[in-house]
Every structure is written in structure tokens, then in C-alpha cells.
Amino acid sequence: MQWVGIFFSLPWARGLALVKNFTIPPIVLDFGGKSAYIQPKMSELAKTFSPKDIEDKWYGAWLANNCFDRAIELAKPPFCIAMPPPNVTGVLHMGHLLNNTLQDLLIRYARHSGKSALWIAGTDHAGISMQVRVEKELAKKGIDKNTIGREKFLEYACLWRDEHGGIIFKQLRKLGVSCDWKNTKHTLDDDYSRGVLTAFVELYKRGYIYRGRRMVNWCPVSLTALSDEEVKMVPQKGKLYYVKYWLVERPGECIAVATTRPETIPGDVAVAVNPADERYKDLVGLHCVRPLSDTPIPIIADEAVAKNFGTGALKITPAHDRIDFEIGQRHSLPVIDVLNPDGTLNEHGGEWRGMDRFDARNAIAKKLGEVGLLIKEEDHENNVGFSERGNVPIEPKLSEQWFLRYPKIEEAKAAVRGGIIKFYPERWTKIYLHWLDNIQDWCISRQLWWGHRIPVWYGKNGDKNDSKNWHVSVDGPADRENWEQDEDVLDTWFSSWIWPFGVFGWPDRSKMTESGFDYFFPTDDLVTGPDIIFFWVARMIIASLEFIGEEKSSLAMDEIKSRIPFKNVYFTGIIRDSLGRKMSKSLGNSPEPLELIEKYGADGLRLGLLMMAPYGQDVLFDEARILQGRNFCNKLWNAARFRLMQQSNHGKASLQELVARINHLESDDQAILLQLIACKRNVDAHMGKYEITSALQRAHTFFWNSYCDWYVEVSKHRVQGGERDALIVHDMVMRQVLLTLNPFIPFITEELWHACGYGRGNLPMQWEYCEAADDLLAIFEPLRMKESSLVEAERKHNFVNACRLLLSQNKRISSKSAKIIVNLCDKGDENLICDALKRMLNVSTIEFTDEELPLPATISDLGTVYIAANGSASAASLQSRRDKILKEIDELGGLIALNESKLSSANFIEKAPENVVDGARKLLEDNIVRREALIKILASL
RNA sequence: GGGGAAUUAGCUCAGUUGGUUAGAGCAUCAGCAUGACACGCUGGGGGUCACUGGUUCGAAUCCAGUAUUUCCCACCA
């Protein structure tokens, strides 16, 4: 026996208890009325849970035991999640935290449900943002990427990526996530890249990819085209300039045009009006002079012009506006591009050549004013497209790009509409379908170096614009010297969209087999934010439908089923601060995830996040919730600690074995076990619907309220008296609580699992099956538990609550000197009021009576309860009690009246279902009885 | 302009297909060193369920309209 310390039960000696903790069983020494405990060490748990002590230990153990490895176990159902790949050089932020906590929860939950769960992790090469970063790094060293050239730049970028990449994975491990770390993917890995290029080549062959000169969104900072999805509309305050265009055929007359962009005037090739516009009818077909030049341009009519905006006349600049471009096409107008790629004016800009577009806007407006062409300026607010990356207005620009006409659009719609792929919350399906209904071709080429270079080669001796001189393949032409590869790379999202099968090595069949594609695919759940529903979710569905299985132009429903990338999509909310603002660096409102883990522990953080993440809504981050998460962990810790302080440990046994050892269960025991079953049933039901917070809430309430607050207290005297059956029930409950909570809070549950000795061998608990409600029912069957025990326990609970209320309302009677006297409704209930209840109430005596006493009293399910001071009753203040009773009588009166009026209505009796009517009757009777009893109490006071 | 969502206690949210007098956590107030836990325990106060109508025996719940907030899509220069 190992002696660990001495604990004095004196107030001044309490400090000692904090220094060292004690376990069971205490040997009590008597020092003349003051007792001291000396305890042998059986198990050691600190008084307060300290996450730091266990987290690294267990994460290491999980890795050492290959807990997260992919295992193709045909006997088990598979479960798979492909993690949305974070940017390779990204660092953990709050969004990742929530997203990955949810995924880890689902994965661990699946493991406990007997599935072989695989969580595939990987990183994204993050095209533009990564390239910009590397350029900046180079610039710091005084290096310009154009001087070192493409190859050197890429070398440097790879180096930089390898050096700074993967930090996020290290951070994620702190959170406890259980990914298959041995097989992580990066979108620029060789095999994955082959997949990306294969997708391009296949789609090209199938006629979905084409090259064309079209209007694209041009980012003047990143100097690349962007897809429509990468453009954000931002309201801007600007000016609307009214400009005179002199008529050629009618000297002295003019047509007024309103524009927000005078700097594009040098690119004007026409003025257009609506054909139905009476004001301008006779001008159509004439010409006007482009301001600040002598060039005549035609006045044309086009339906696209709105009569009621500005003057109703629109200047047409096909190179700088989408609608203008379309009008230009319809009327065969020339295209004059007046801007350089970086947004400065080019040679068409004349005296403003080289000036930035916004400076030129002011300069040209000023000039127009000077030469008398500016009629007026108006303040004007409009939406301007911004480049998400460069954070500058994008420029609609005509350029040569690669485009994808999406395949399998109808099938992608059908998959989600038909519920083959389910969205949670469901409302996102509508947004998804709407996007697909209005889908535009995807500009997939980017004028960058960092990424997958477009696998198209142009014959050196042929016409680049003639596709006969193109070579399109993954490996390129054999005689490379005669070819030049396309300079551009693919949009990052063009690599992400094959993620769910690319991570299995697609299209390499042997790699796919080896990596478990046939077993794990389609993946089960995708957890992501709704902000990338178009960027990523929809495109993955399309890619999967197109590439999984043989080439087919259209798919039937059952074929769709076999080609989907995932079955369920869970959309998380966006994390905001407690004021509802987005987390941002400039606001400084984003907490540092690692600091939170440091402060509250990974479990506390996970729990807090899950508690504050309502289903289908944004998450308002509040550190107080993380604190709550930590507090919960501490509560759990102490519940286990309490169990360990008791004598024997019945842990190392299966649930069945525990059940077999039980001799007799009291109603309290039965009640908690029945509640345990109900708890598990509720948790599973909510988990099945991804209602994580509700699932957690159920487990929380069961553990804290039903178990700790009631059952532990009511069974304490039995447990501390070493009663075996009660101890076994504690073990059964704790065992299941730990298993149920393990997916939410893996570290602390693992620690306690082993500390309590529930583990068979030293196996990590993730491999333990967590019994479902029906399993529990079957296992508990030999116990022959009665539902009525729930009622009995509830009546006791009600009695205790009534007494507590009475005690708190009669504070002048100190609880130590208080005496509870009960006038039982049913004398048979006397045995229900046991020592345990006395202890719970902290009163020394509970007596019984048959009389009505002139004492403060209340009504409980077991009977009328009186309170008296030991010795004399006069110490009590009766007046406040009287007021309370009067208030209650009053409330009961209202309730009785309500039910009476209900029951007196023939309509109600006739039309309401029987059980509702009966319920009302019963309520009425009960309340009348209760009111009478209260009136009696009042009279006796 | 089109569509979605939200509106319940001071705050954050639950509230199953309509059925007792609407719940929880936090906050607040009062009490409590009780042989697991003060990161705790016990009790109290606090709500015209945004508003207006309608359906119904019965509405926080269903329907219509209004208001406010918010997100997404479109983009009229």
C-alpha cells in the first residue's frame, strides 16, 4: 500500500487537499472529535482536469496504435470523409476549427458505430494566393519573377511550400483530429496532377473544353482572368457623368450620354438607344463624334438599352463591358481596348496614356468639362465587381482563354433534387439548383505559373489558332522540340473538383484499388461552408458524374447513384464574433485557435464550438462557451473521480458481464439505466440528422442533470457504503457516457476510460463499439427493469424539490436544525423517503404525521411536507409562506378556470382527440385537489 | 430586381407531425465550504413567442400580409 498524504477535514487544512489528492478508501483516524483521513493510493486523479497533461500523450498513443489508418475491412460498413483541403501554407483559423471538429466527430462517431472510418486529409496548392505570396517573398530579396523565369520561380515556390507548408496539419493534430496522416494528398502531387490533367484532356476530347476570345473578369493586380465566382459585387459611390456627343449629320445638335466610366471613351465605337425610344427614333442611323476626338461613330438601336436609365443613350465600348460587347457583336462593331493588363491606359488613351484607370477617369472628366462636353455630374451608387484576391475592381476584358461547358448538368441537378445526395440543411438545394439552372461556361485558364499547366501544345510551325495544330494530352508530344506548351495554368478549383476521387489515385486503376476506392467510394459526408457551394460542391458532383464510370453523354437515375462523390453534405455556419461580424484580421476579432487550446484544452474547445454552432445558422463566437466546454470536461472528470474514490472497481468487464453481476436494482438504479437508454436513442436520432448541438445537449442533460445531480446524490450513501449493485450501475452509466461522448471530446474520455479501467487491454477506446439504444435494451433485458421505476424516481425527485423549496423559503430555520415532517398520501411510500433524501436535503430528521400541522408547508407528489425547527416551530416566518401559498392558489385558480371553460365547450369535447380531453380532465381534477390541499395548509397556519 | 434565412427571457439558442400555464445554457439575484466537482451545489426573478389578420375546439408552431435584420443570385452603362 502506498501512502500519499494526509487530509484534515478542518477548514484551515483544506489547502492540503489541493496539494495532493486522495482516493479510496479512506482510513479515518480520530483526533479527539476532529477526523483525519489517510488514504492509500489506488488511482490518482487530480481535483481539476488538466488537459495539457493528457492530450499529447493520447495523440501519440493513437498514432502509435495506427488508430487512424485506412482499413479495408469488408466485414464492416465503410465510412469516409475527404477533408476540404486547406491551403498548403495556410494556418489554422476559426473556420477550420469548427469544420474539422465536426468532421472528426462524425468520423469517431462512425468508428463507435462499428464502421471502418477513413478521413482523408490533404492540402490545396491555392493558385493565385500562393503565387502572390511567393512573389512577395521574392520581392523582399529583390528578385523579380520575370527575370528569373518560370522554371526558377516554380523551383523557388516548391521550396517555399515545402518549408512553410503543412503547418496547419500540425495544428490540427492539437485539436485531436483523426485523419489518415500516412496518405495525405496535395493537389500538386504527381499522381493527383495526372488526375487533374486527365480531367482536362478527357473533357477536351469529349468536346466540353474550348479555347475562345471572350469577355472575362480580369484582375489588374494579379494579371489573370478570374471565374465569375471569384468576383464579388461591392456597392461603390461614384459619379454619373452626362456627356455631349455632337451629331455629325446635324451640326450644333448633340446626343447626351450618361456614363460612369469616361476613361473608356477612347474605346467608344457607337452610341446605342432603345429602338422603342421615341426621343431618339430619328437619330438612329446617324453618327456622332466620339468626344475628345474627331472620330465619327454610328448611332444604333438595340433592345438591351434601358430607356429609363440616364439619358436613355448608351455609349458602346465593347472592350470594357459585357453588354457593350454583346451589342457590338450584334452590330458587327470593332473592338478598341484602351487599357493595359495592369489597368493603365494604353496608346488609345492619347495624352492619358500610362495613367491608371481611376486617375484617368477624373482627368478625362475634367477635360470634358474644360472643352464644354460635360453637361453635369451626379452622385451615383452602383455595384462594381471586385477581385477577391487583388481587392480591386475587376476589369471586363476581352481575352483568349480556355473555357469549360459543364457536362452532366441535368444529372447533377437530379442527384440533389432526387435526394441521392442530401444537403443539410436542405434549403441549400434550392440555391444549388438555381445556380445550375443559370450556369455559365467556366473560364478555367489563369495567367499564372503556380498550378497545373494546361496540357495543350501548339505546333511551332502552324497557326496557333487552328486546332489542327494542337496537341492535347497528359504526357505531351513525343517531339517536344517542335511544340510550345500553353503558358497558362488551370484554375485551382479545376484541381479541387476531382478531390473526392483524385485522392484515391484516379485515374490509375491499380492505385485506386490499393487505396480502397472500391470500398470507400462514394464518400459519405462532406462538411463545408455554403460559401463554396458553387466553387466546389456543385463542381465536384459534376466531375464525379462525368468521370466515375465509363463515358456517357447522359445518365439514368441508377447510374447517377453509382457515380456520386458523396452522399451527404453538411453545411456549417460561418464563424462570426459575438457581435455578428465576420472574423477578420483588420478587426482583430479572431481568436488564436492554438491559444484557445492552450487555455481551455482541445476537448473544451471542441465542446464549446459544438455547443455554440446552431444547426444551419452562423456561429457567433463567444469565449464564454469554450469556458463552459472546459467546465463540462471538469465535471466529467470529477464524476469519474468520484467513482474512483469508491471501493471496488467493476470496470474491466463488458456491459453484459456487468449486468450479470447485478443482484438487485432499486428504482433509482432502474430509472437511471432507462434514462441512459433514452439518452442514447436521442443522441443517435439527432446525430442522424446532423443536429449536433441537440445531440450534445441530450448527452449533457443526461450526464449532468439526471446522473450527477440526481442519481449520484441519491445513490451516494449506498455507493459510499460499498454497495456492489449501485457501484456496478455507476460503472455502467459512466462507461456508456464516456463512449457516447468520446467522439465529441476524445482526449478526456480516453483518459478516464483507462483510469476507470473500462478498457479491455490497453486498446484505444475508439475501437470499442458504443451500444445503441436497442442494444442496451437487449443487454439490460435480464434486469427486468420496470418503466414504473421512472415514475417512482420522479416522485422522489419531486418530493426533494418540494422540500428544497420549502427550506429555501424558510431560511430562518437553518437546515441543520430543520426537521421535515411528511403527511404521506399513501402510507406505502414511507420507504421511499430514505436516508439518501435526508442527505440530499441536508436535514437531520424526516418524520411522519397523520395530522395537519400549523407549520410552513407545501404539497409534493408523495404528500404534504412541513418544515419545523428542531425543538420549536416558532422560529419560522409564516407570512412569506402564506403569500407564496396564496400566489400558488391564485395560479391554480387560473388554470382550473381555463380547463373548466375548455371542458364546458361542446366543441372541444367533440372535436379534440380523446387523450387531449382526458388530459384536460385529469389536470382539472389534480389541480382542484392540489388547491384544496393548499387551502387547508393556509387555514392551519 | 429574384430567392433564401432569421425574428421566442438581458445574451445565445431549443421548442419534433398544432394539444397542460413556452424550455435550456449563460448572465443576474439569494443562499451554501456539503467526503467528486466553487470550473461546484440549491433556490428565485425574468417572455403579449416581431406585428396584423386568417384557419382551428385549440396557434410560438399552419396560411396571408406587414416590419426589421441578414445572406445569396442578377447587375442599369
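Before we go on, may I ask you to explain the sheet that holds strand β15 (residues 313–316) in this structure?
Strands pair in a sheet through their backbones, by hydrogen bonds, and they do so in one of two ways: parallel or antiparallel. An order of β13-β14-β12-β15 is seen for the four strands of this open sheet, with the pairing classed as mixed. Only two strands of the sheet have a single neighbouring strand rather than two, namely β13 (287–289) and β15. Taking the axes of each pair of neighbouring strands and ignoring which way they run, one obtains an average angle of 30° across the sheet. Inspection of the sheet shows strand β12 (residues 270–273) paired to β15 by four bridges, in the antiparallel sense. Residue pairing in the sheet places Val 271 in a bridge with Lys 315 of β15.

Is there a simple way to explain the packing of helix α3 (residues 94–112) against helix α6 (residues 167–175) in this structure?
To describe two helices that pack against each other, one gives the angle between their axes and the distance between the axes. Between α3 and α6, the shortest axis-to-axis distance is 11 Å and the interhelical angle comes to 55°. Regarding the angle of α3 to α6, the classification is oblique. Remark: the crossing between α3 and α6 carries right-handed chirality. Of the residues in α6, those in contact with His 96, Leu 97, Asn 100 and Thr 101 of α3 are Ile 168, Leu 172 and Leu 175. A per-class count over the contact of α3 with α6 returns four nonpolar, three polar and no charged.

Please explain the nonpolar core as it appears in this structure.
Burial of nonpolar side chains together is a common tendency in soluble globular proteins. Grouped together as the largest cluster of nonpolar side chains are 134 residues, with contacts concentrated most on Leu 636, Leu 673, Tyr 707, Met 732, Phe 744, Phe 780 and Phe 799. Here this core takes 12 residues from helix α22 (residues 692–714), the largest share from any one element. If you look at the next biggest cluster of nonpolar residues, it comprises 71 residues, including Leu 404, Val 416, Ile 444 and Ala 538.

Help me understand a nonpolar patch on the surface in this model?
On the surface, a nonpolar cluster with roughly 240 Å² of combined accessible area is contributed by Leu 895, Leu 898 and Leu 923. Mapped onto the elements of the fold, Leu 898 is located in helix α29 (residues 878–903). By relative accessible area, Leu 898 is classed as partly exposed at 47%.

Looking at this structure, I do not really get the side chain of Lys 796. What am I missing?
By secondary structure assignment, the location of Lys 796 is in helix α27 (residues 788–809). Assessed through its relative accessible area of 4%, Lys 796 is described here as buried.

I tried to follow the environment of Ile 541 on my own but got confused; where do I start?
Relative to the helices and strands, Ile 541 resides in helix α16 (residues 533–547). Given a relative accessible area of 0%, Ile 541 falls into the buried group. Along the primary structure Ile 541 and Ile 564 are separated by 23 residues, whereas in three dimensions their C-alpha atoms are 6.2 Å apart. When near neighbours in sequence (up to four residues on either side) are disregarded, Ile 541 contacts Ala 412, Val 416, Ile 421, Phe 423, Tyr 432, Pro 565 and Phe 566.

Before we go on, may I ask you to explain the packing of aromatic side chains in this structure?
Any aromatic ring pair is given by two values, namely how distant the centres are and how the planes are angled relative to each other. Following the criterion strictly, the structure yields 42 aromatic pairs and no others. Both rings, one in Tyr 707 and one in Tyr 711, keep their centres 6.2 Å apart while their planes meet at 25°; by these two values the pair is stacked. Taken as a pair, Tyr 707 and Tyr 711 lie in helix α22 at a separation of four residues, close to a single helical turn. A single burial state applies to Tyr 707 and to Tyr 711, both of which are buried.

Would you explain the pairing of strand β17 (residues 395–404) in this entry?
Regular strands place side chains that alternate from one sheet face to the opposite one. Burial runs high along β17: nine of the 10 residues are buried. Two elements, strand β8 (residues 209–219) and β17, share 10 bridges in a ladder whose sense is antiparallel. What sits directly across from Arg 214, in β17, is Ser 399. Judged from the two bridges that link them, β17 and strand β19 (residues 442–443) form a sheet pairing that is antiparallel. Paired with Phe 403 across the two strands is Cys 443, which belongs to β19.

Quick question: what am I supposed to make of the confidence of the model for chain A here?
Of the residues in chain A, 93% reach a pLDDT of 70 or more, and the chain-wide mean stands at 86. Every residue in residues 1–42 scores below 50 in pLDDT, and together they form 74 contacts with partners more than four places removed in sequence or on other chains.

Got a minute to help me understand the sheet that holds strand β23 (residues 483–485) in this structure?
On the basis of which strands lie adjacent, the open sheet formed by three strands has the order β22-β21-β23 and antiparallel pairing. The open sheet has two edge strands, β22 (470–472) and β23, and neither has a second partner. With direction set aside, neighbouring strand axes in the sheet form an average angle of 30°.

I keep staring at the packing of helix α24 (residues 724–741) against helix α25 (residues 746–755) and nothing clicks. Help me out?
Interhelical geometry of α24 versus α25 gives an angle of 150° and a closest axis separation of 9 Å. With respect to α25, the axis of α24 lies roughly antiparallel. As for how α24 packs across α25, the hand of that crossing is left-handed. Side by side, α24 and α25 meet where Arg 735, Leu 738, Leu 739 and Leu 741 of the first sit next to Thr 749, Leu 752 and Trp 753 of the second. Tallied by class, residues from the contact of α24 with α25 come to five nonpolar, one polar and one charged.

Can you walk me through α6 in this structure?
At 3.6 residues per turn, the α-helix brings residues three or four places apart onto the same side. Of all the residues in α6, the buried ones are Ile 168, Phe 169, Gln 171, Leu 172 and Leu 175. One face of α6 carries all of its buried residues, which in axial projection span an arc of 160°. Buried positions along α6 lie against α3, β6 (122–123), α18 (593–611) and α25. The first or second residue beyond α6 is Gly 176, which carries a positive phi of 95°.

What's the story with the pattern of salt bridges in this structure? I'm lost.
Close approach of charged atoms allows side chains of opposite charge to pair. Under the counting rule described, the total for this entry stands at 64 salt bridges. The partner of Glu 73 in a salt bridge is Lys 76, with the nearest N and O atoms 3.7 Å apart. Residue Lys 76 is classed as partly exposed on the basis of its relative accessible area, which comes to 28%. Ionic contacts of the salt-bridge type, sharing partners, join the residues Glu 202, Lys 205, Arg 206, Lys 408, Glu 546 and Glu 551 into one network.

Could you clarify how one ought to interpret the pairing of strand β26 (residues 566–571) in this entry?
β26 sits mainly inside the fold: five of its six residues count as buried. Note that strand β18 (residues 422–424) and β26 share three bridges and pair parallel. When the sheet's bridge partners are listed, Phe 423 is paired in β26 with Val 569. Where strand β25 (residues 523–528) and β26 come together, five bridges link them in parallel fashion. Across the sheet, the residue bridging to Leu 526 is Val 569, located in β26.

Calculation notes
- Each chain carries its own residue numbering, running from 1 in the written order of its sequence.
- Working convention: letters from A go to chains and numbers from 1 go to ligands, in the order in which they are written.
- It should be noted that, the model being predicted, local features are given only for residues of pLDDT at least 70 and side-chain atom pairs only at 80 or more, the latter also being counted only at that level, while totals for whole chains, interfaces and linings use all residues.
- Side-chain metrics rest on all non-hydrogen atoms present in the structure, leaving aside hydrogens and water.
- Strand pairing follows a simple DSSP-based rule, namely that at least 2 bridges must link the two strands.
- Under the DSSP-based scheme used, a helix requires at least four consecutive residues in state H or I and a strand at least two consecutive residues in state E, with every element numbered from the N terminus.
- Each axis is a line fitted through C-alpha atoms, taken for helices only over the stretch in contact, and angles between the N-to-C directions span 0 to 180 degrees.
- Here is the rule for angles: anything less than 35 degrees is roughly parallel, anything more than 145 is roughly antiparallel, 65 through 115 is roughly perpendicular, and the remaining ranges are oblique.
- By convention the crossing between two helices is left-handed if the near helix lies anticlockwise of the far one by an angle smaller than a right angle, and right-handed if it lies clockwise.
- Contacts: residue pairs with any heavy atoms within 4.5 Å of one another.
- Polar here means any residue outside two lists: the nonpolar Ala, Val, Leu, Ile, Met, Phe, Trp, Tyr, Cys and Pro, and the charged Asp, Glu, Lys and Arg; Gly therefore counts as polar.
- Residue types Ala, Val, Leu, Ile, Met, Phe, Trp, Tyr and Cys, when buried and joined through side-chain atoms within 4.5 Å, form a set referred to as a nonpolar core.
- Buried means the residue's accessible area, taken with a 1.4 Å probe over protein chains only, is under 20% of the maximum for its type, while exposed means over 50%, and partly exposed covers the values in between.
- A residue counts toward a patch only above 30% relative accessible area and without a salt bridge, and it is joined to like-charged neighbours within 9 Å or, for Val, Leu, Ile, Met, Phe, Trp and Tyr, to nonpolar neighbours within 5 Å.
- For accessible areas, the Shrake-Rupley method is used with a probe of radius 1.4 Å. Any residue's cover is judged against the shown protein chains and nothing else.
- The term salt bridge refers to a pairing of a side-chain nitrogen on Lys or Arg with a carboxyl oxygen on Asp or Glu at a separation within 4 Å.
- In this scheme Phe, Tyr and Trp rings, the latter by its six-membered ring, pair at centre separations within 6.5 Å, and the angle between planes marks the pair as stacked below 30 degrees, edge-to-face above 60, and tilted otherwise.
- A residue's pLDDT is simply how confident the predictor is in it, with values from 0 to 100.
- Each direction from the helix axis to a C-beta atom contributes to the arc, which is the arc of those directions.

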